[in-house]
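Listed below are the residues making up each chain.
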Amino acid sequence: QSVLTQPPSASGTPGQRVTISCSGSSSNIGRNTVSWYQQLPGMAPKLLIYTNNQRPSGVPDRFSGSKSGTSASLAISGLQSEDEADYYCAAYDDSLNGYVFGSGTKVTVL
Amino acid sequence: QVQLVQSGTEVKKPGASVKVSCKTSGYTFTNYYMHWVRQAPGQGLEWMGIINPSDGTTRYAQKFQGRVTMTRDTSTSTAYMDLSSLRSEDTAIYFCAREQAGTRWFDPWGQGTLVTVSS
């Protein structure tokens, strides 16, 4: 099992807003920053959000992140077909002295 | 531009070892940490450990302690991940991923190396 919990799937029609949750604990999300990764089919993960809500250059502003307490979320507004991918959250865990990932959420554009 | 290029597909028998390489370019190798993350077929991402290329210090996930060794060659700007006593459950894609020291996020990632463990 993954230490961080995400819903297995999410979906929306083009143009809609989709939100993905990532639930952790006081030893990981509660004390450390969260990053999000997009993994297109057959590809390596790509950084989407860092330090809870920062976007690397080149990532569309349709993607946004937030964190509150021991949970974080990723929102995709104006959903597009190319957003179909798996999305993972990640954080450092002080108890494990290592990094933990979410279980992953598959986003489908209907 | 920054590139992390990994070695090719490996097929190993149970009990064997595998060594995956991650050759970097486009940045100063010793200024960034390198992580290794794996993904079993149809599964999520699993962190394996980290190496500081500057001094070679490592930290491994408890699950892999005693079986994994991460090393680097600063002359070729290449990081290595060696996993021993392979079993079928180690069949996965292995990724290297760079971290700017202390930022706690991974960017970019290597393209991945498929390791298949089968008798």
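Scroll up for the structure.
Counting starts from 1 at the beginning of each chain's written sequence and moves along it residue by residue. Labels follow written order: the first chain is A, the first ligand is 1, and so on. The model is predicted, so local features are restricted to residues of pLDDT at least 70 and side-chain atom pairs to those at 80 or more, both for listing and for counting; the totals for chains, interfaces and linings are taken over all residues. Values shown for side chains rest on all heavy atoms present in the structure; no hydrogens or waters enter the calculation.

Draft legend 1. A look at the pattern of salt bridges. In the sections that follow, a salt bridge refers to a side-chain nitrogen of Lys or Arg positioned within 4 Å of a carboxyl oxygen of Asp or Glu. Per the stated rule, a full pass over the model turns up 8 salt bridges over all chains. Residues Arg 31 of chain A and Asp 94 of chain A are paired through a salt bridge, measuring 3.7 Å at the closest nitrogen-oxygen approach. Highlighted residues: Arg 31 of chain A in the loop between strand S2 (18-23) and strand S3 (34-39) and Asp 94 of chain A in the loop between strand S7 (85-93) and strand S8 (98-101), separated in sequence by 63 residues. Two residues, Lys 63 of chain B and Glu 46 of chain B, come together in a salt bridge whose shortest N-O distance is 2.8 Å. Residue Lys 63 of chain B is found in the loop between strand S6 (58-60) and strand S7 (68-73), and its partner Glu 46 of chain B is found in strand S5 (residues 45-51); the two are separated by 17 residues along the sequence. Among the charged side chains, a network of salt bridges with common partners joins Arg 38, Glu 46, Lys 63, Arg 67 and Asp 90 of chain B. Each helix corresponds to a stretch of at least 4 residues labelled H or I by DSSP, and each strand to a stretch of at least 2 residues labelled E; elements are numbered beginning at the N terminus.

Draft legend 2. Fine view of the interface of chain B and chain A. By definition in these notes, contact holds between two residues if any of their heavy atoms fall within 4.5 Å. Every contact between the two is made by 19 residues of chain B and, on the other side, 18 residues of chain A. Summed over both partners, the accessible area (1.4 Å probe) lost when two parts come together is defined as the buried area. A per-residue breakdown of the area chain B buries against chain A is headed by Leu 45, Arg 104 and Trp 105 of chain B, which together make up 41% of the total. Taken together, the links from chain B to chain A amount to 0 salt bridges. Polar contact is the term for a pair of N or O atoms within 3.5 Å; when the atoms are in protein, one must be able to donate a hydrogen and the other to accept it, and sequence-neighboring residues count only if both atoms are side-chain atoms. The tally of links between chain B and chain A comes to 6 residue pairs in polar contact (both at pLDDT 80 or more).

Draft legend 3. Structural context of the packing of aromatic side chains. Two aromatic rings, drawn from Phe, Tyr or Trp (for Trp, its six-membered ring), form a pair once their centres lie within 6.5 Å of each other, and the interplanar angle then sorts them: stacked below 30 degrees, edge-to-face above 60, tilted otherwise. Summed over the entire model, instances satisfying the criterion amount to 13 aromatic pairs over all chains. With 6.4 Å between their ring centres and 35° between their planes, Phe 63 of chain A and Tyr 87 of chain A make a pair best called tilted. Highlighted residues: Phe 63 of chain A in strand S5 (residues 63-68) and Tyr 87 of chain A in strand S7, separated in sequence by 24 residues. Pair check on accessibility: Phe 63 of chain A and Tyr 87 of chain A agree, each one buried. Summarising the aromatic geometry, the rings of Tyr 99 of chain A and Phe 106 of chain B are spaced 5.1 Å apart at their centres and angled 65° between planes, so their arrangement reads as edge-to-face. Within this pair, whereas Tyr 99 of chain A is found in strand S8, its partner Phe 106 of chain B is found in the loop between strand S9 (92-100) and strand S10 (113-117), the two belonging to separate chains. Just as Tyr 99 of chain A is buried, Phe 106 of chain B falls in that class too. Through successive ring pairs, a cluster of aromatic residues spans Tyr 37, Tyr 92, Tyr 99 and Phe 101 of chain A together with Trp 47, Phe 95, Phe 106 and Trp 109 of chain B. In this structure, Arg 98 of chain B packs its charged tip against the face of Tyr 32 of chain B, placed 3.9 Å from the ring centre. Any residue under 20% of the maximum accessible area for its type is buried, any over 50% is exposed, and the rest in between are partly exposed; the area is computed with a 1.4 Å probe on protein chains only. Whether a charge sits over a ring comes down to the Lys NZ or Arg CZ being within 6 Å of the ring centre and within 35 degrees of the ring normal.

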